[in-house]
Each structure stands twice: as C-alpha cells, then as structure tokens.
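Results of the structural survey
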Amino acid sequence: MSKYFLNYLDELESEAIFILREVWAQFENPVILFSGGKDSILVTHLAKKAFYPAKIPFALLHVDTGHNFPETLQFRDDLVNKLGVKLIVGSVQQSINDGRVAEERGKNATRNALQITTLLDTIEEHKIDCAIGGGRRDEEKARAKERFFSHRNDFGEWDPKNQRPELWNLLNGKHFEGEHFRAFPISNWTEMDVWNYIKRENIDIPSLYVAHKREVVWRSNSWIPVSEFLKLEEGEEIHNKKIRFRTLGDITITGGIESEADSLEKIVEEVAAMRKTERGDRSDDKRSETAMEDRKKQGYF
C-alpha cells in the first residue's frame, strides 16, 4: 500500500474523529446507530479512537427486527461486552405487538420499513438528540444528499432540500424541542476505503463478510440465505454455495455473492474489481427507483 494512500486513510480518519467530537460537544444525548454491519463497526472503532483512553461516551442503539442474522446479534453482544458500553435495543416485534406497525405479507415481505417507527419511537423514548450512522455517500444516490449533520424535524422526517450549509467545517447542530439530527462521520469514505482501513486497523468483523458455505436460494438476481423466515416458491431450489455478503441487513433481504474471498486481503482485491454497488444485492432497494429516499424521508437510517 502506497504512502499516499496511507495518508489518505489518515485524513479520512481525522475527519471522522473531528465529526464525532463535534457531536459530543454539541448534543446532550447522542447514540451510535449499530446494525452489526461493517460501517457501524467502523464508526464504533473511530469513536473508540476519538475518546481514548476514556470509554466511548455514546450508547449503541440497535433496532432489532427479529429477522437478524444470528451471527450479527452474537457479534453485537460480544462487542458491547468488550467495550463496556450501554446497549439500547428497539424491538420491531414489540412495535407489531403494540399495533404501531403491521406485518407485511407475501413472499417478498420484509420488516425493513417497519424499522422506521421503532427507531423514531426509541429516539423519543430515550430523548436522543443525535443518532450517529454509518451511511456513506457512495452507497446510494439518496445517501449522497446527506450532510455530516442531517436535520430531522419533530416528526423524524428528512427534507433533502432543507439542509444546512456546512462551510469551512462549521457544523450547526442547533434544533428545536422534538427535533433531532443524524450524523454521518464516514460520509466521504468509499467501500474500498472502509475495507482498506479495516485491514490496516485489524478490526474484527462478522464472519458473514468472509466467503463461507451456506444454503441459499436464487431470487431477485441475488443469493438469498435460507432461514426460518424464507418462504420458498414453487420452482425455487436450495443450493449450497460459497458466498459472502457485502452489506448486512435483515436475513430476508440481504443477498450474497459467490466468492472465494476468505481473508481481508482477498476481500480488498475483490472489492477493487467490483463494478456493482454493494447495495445492489439488497432486495429492499429494488422495490422502486426511489425506495431508499422514500424511506429516509419517513425517518429511516
């Protein structure tokens, strides 16, 4: 790896740490949105660096859909214990039980959109004024519209046309009662940057990101993992493939790719040759051209 590229990673790291410290300085009760995916793991690692030798001052907030990969939940719990931080869990199942949201039906049913209500309810319950996310501008066109400090109104809604300018690294977190912010410290990182940094820092990641044998079904041009939540359609066959996941969401919507990348070095090499976005195998983003932006306007991550 070149000296220039190492310096570039250092610049990205410094920018992210600056934003995390600004969040802590400007808000009363910020949290890290933690999904167990590589980006939220990276943000948590950066927070650890930003406040070392003190503990991370943010709680981790996980919206549990009930359709998670078991590996993700185990990784989450192990990391929380290791770091000694507070974990806040918002339950989509509880939102369903309370009649706050209704379960989707059909073979492509997902709880992905249901997370919005659970997240906003959890933010209100715990009086959270800033939720730090791992969104990156290269992931999806809607996320490319985000600022470092992204304002949400008192209904939790995002208006991409009404965001504050961020000139000369001046970040404005002022808000009225009931409003809150989302902060995105790794907005300027690419998927390649993330993996090179994970490799450089030797950051632990869930085994799902590494190529492994798994039972899968070919659906929506992706290998969808077999689980208790997957309803097989007539003609669908279960295959045993060596796959890995580029992004992690619900087990019902996260598609894998066939891969031999069983180490960080091989993952970096594979990502360098990719011509398809990492969210290209997420079935929730295939529902419409504006699926992500529509969800974000309602309060999604």
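Quick caveat: nothing in here was measured; it's all calculated off a predicted structure.

**Some thoughts on the packing of aromatic side chains**
With the rule as written, the count across this model stands at 10 aromatic pairs. For the ring pair W24 and F51, a centre distance of 6.4 Å and an interplane angle of 75° mean the geometry is edge-to-face. Of the two residues, W24 sits in helix α1 (residues 3–26) while F51 sits in helix α2 (residues 38–51), which places them 27 residues apart along the sequence. Of the residues examined, W24 reaches a relative accessible area of 40% and is grouped as partly exposed. For the ring pair W189 and Y197, a centre distance of 5.2 Å and an interplane angle of 85° mean the geometry is edge-to-face.

**Quick notes on unusual backbone geometry**
Of note, the amide linkage connecting Y52 to P53 takes the cis form, showing an omega dihedral of 10°. By the secondary structure assignment, P53 is in the loop between α2 and β2 (59–64). For N202, which is not glycine, the phi dihedral falls at a positive 55°. Turning to its location among the elements, N202 is positioned in the loop between α6 (191–201) and β7 (212–219).

**Side note on the sheet that holds strand β10 (residues 257–258)**
Pairing within the open sheet is antiparallel, and its four strands lie in the order β8-β7-β9-β10. Each of the sheet's edge strands pairs with one partner strand only, and the pair in question is β8 (222–225) and β10. Relative to β8, β7 runs antiparallel, the two being bridged by four bridges. When the sheet's bridge partners are listed, R219 is paired in β8 with S222.

**Things to note about the pattern of salt bridges**
Counted according to the given criterion, the structure contains 19 salt bridges. R200 serves as the salt-bridge partner of E13, at 3.8 Å between the closest nitrogen and oxygen. Of this pair, E13 sits in helix α1 while R200 sits in helix α6, and the two are 187 residues apart along the sequence. On the basis of relative accessibility, which here comes to 11%, the residue E13 falls in the buried class. Of the residues examined, R200 reaches a relative accessible area of 28% and is grouped as partly exposed. Put simply, R136 and D138 hold a salt bridge, and the shortest N to O gap is 3.0 Å. For D138, a relative accessible area of 36% corresponds to the partly exposed category. Among the charged side chains, a network of salt bridges with common partners joins D10, E13, K49, R200 and E201.

**As for the packing of α6 against helix α7 (residues 264–273)**
Remark: α6 packs on α7, axes separated minimally by 10 Å, with the N-to-C direction vectors making an angle of 165°. By the angle between their directions, the pair α6 and α7 is classed as roughly antiparallel. Crossing of α6 over α7 shows left-handed handedness. Only L264, E265, I267, V268, V271 and A272 of α7 make contact with α6, whose side of the interface consists of E191, M192, W195, N196, I198 and K199.

**Section: α6**
Every buried residue belonging to α6 is among E191, D193, V194, W195, N196, Y197 and I198, and all of these are buried. Looking at the residues trailing α6, positive phi occurs at N202, about 55°.

**Some remarks on the pairing of strand β1 (residues 30–33)**
The alternating pattern of β1 places P30 and I32 on one face and V31 and L33 on the opposite face, and all of these are buried. Pairing between β1 and strand β4 (residues 130–132): three bridges, direction parallel. Paired with V31 across the strands is A131, a residue of β4. Summarising the sheet, β1 and β2 pair through three bridges and their orientation is parallel. Bridge pairing in β2 places L33 opposite L61. This β-α-β element, β1 to α2 to β2, shows right-handed connectivity.

**Quick notes on the environment of K145**
Looking at the secondary structure, you find K145 in the loop between β4 and β5 (149–152). The partly exposed category is assigned to K145, whose relative accessible area is 39%. In sequence terms K145 and K161 are 16 residues apart; their C-alpha atoms lie 8.9 Å from each other.

**Here we look at the sheet that holds strand β6 (residues 180–183)**
Spatial strand order, β3-β2-β1-β4-β6-β5: six strands in an open sheet with mixed pairing. With partners counted over all chains shown, the strands left at the sheet margins are β3 (87–91) and β5, one partner each. Going from strand to strand, the sheet's axes swing by 30° on average, the running direction of each strand aside.

So, how was this worked out
- Every chain begins its residue count from 1, and numbering advances along the sequence as written.
- Selection of residues for local features in this predicted model requires a pLDDT of at least 70, selection of side-chain atom pairs for listing and counting requires 80 or more, and totals for whole chains, interfaces and linings are taken over all residues.
- In computing side-chain values, all of the structure's heavy atoms are included and hydrogens and water are not.
- The pairing test for Phe, Tyr and Trp rings, Trp by its six-membered ring, is centres within 6.5 Å, and the orientation test on the planes gives stacked under 30 degrees, edge-to-face over 60, and tilted for anything in between.
- Segments assigned H or I by DSSP are reported as helices when at least four residues long, segments assigned E as strands when at least two residues long, and all are numbered from the N terminus.
- Each residue gets one of three labels from its accessible area relative to the maximum for its type: buried under 20%, exposed over 50%, partly exposed in between, using a 1.4 Å probe on protein chains only.
- A strand pair is defined by DSSP finding two or more bridges across the two strands.
- Salt bridges are identified by distance alone: a Lys or Arg side-chain nitrogen within 4 Å of an Asp or Glu carboxyl oxygen.
- Every axis in this analysis is a line fitted to C-alpha atoms, fitted for helices over the stretch in contact. Angles between the N-to-C directions lie between 0 and 180 degrees.
- In what follows, roughly perpendicular refers to angles from 65 to 115 degrees, roughly parallel to angles under 35, roughly antiparallel to angles over 145, and oblique to any angle outside these ranges.
- For a crossing to be left-handed, the near helix must be turned anticlockwise from the far one by less than a right angle; the clockwise case is right-handed.
- We call two residues contacting when some pair of their heavy atoms lies within 4.5 Å.
- Viewed with both strands pointing away, a crossover whose connecting path from the first strand over the helix to the second turns clockwise is right-handed.

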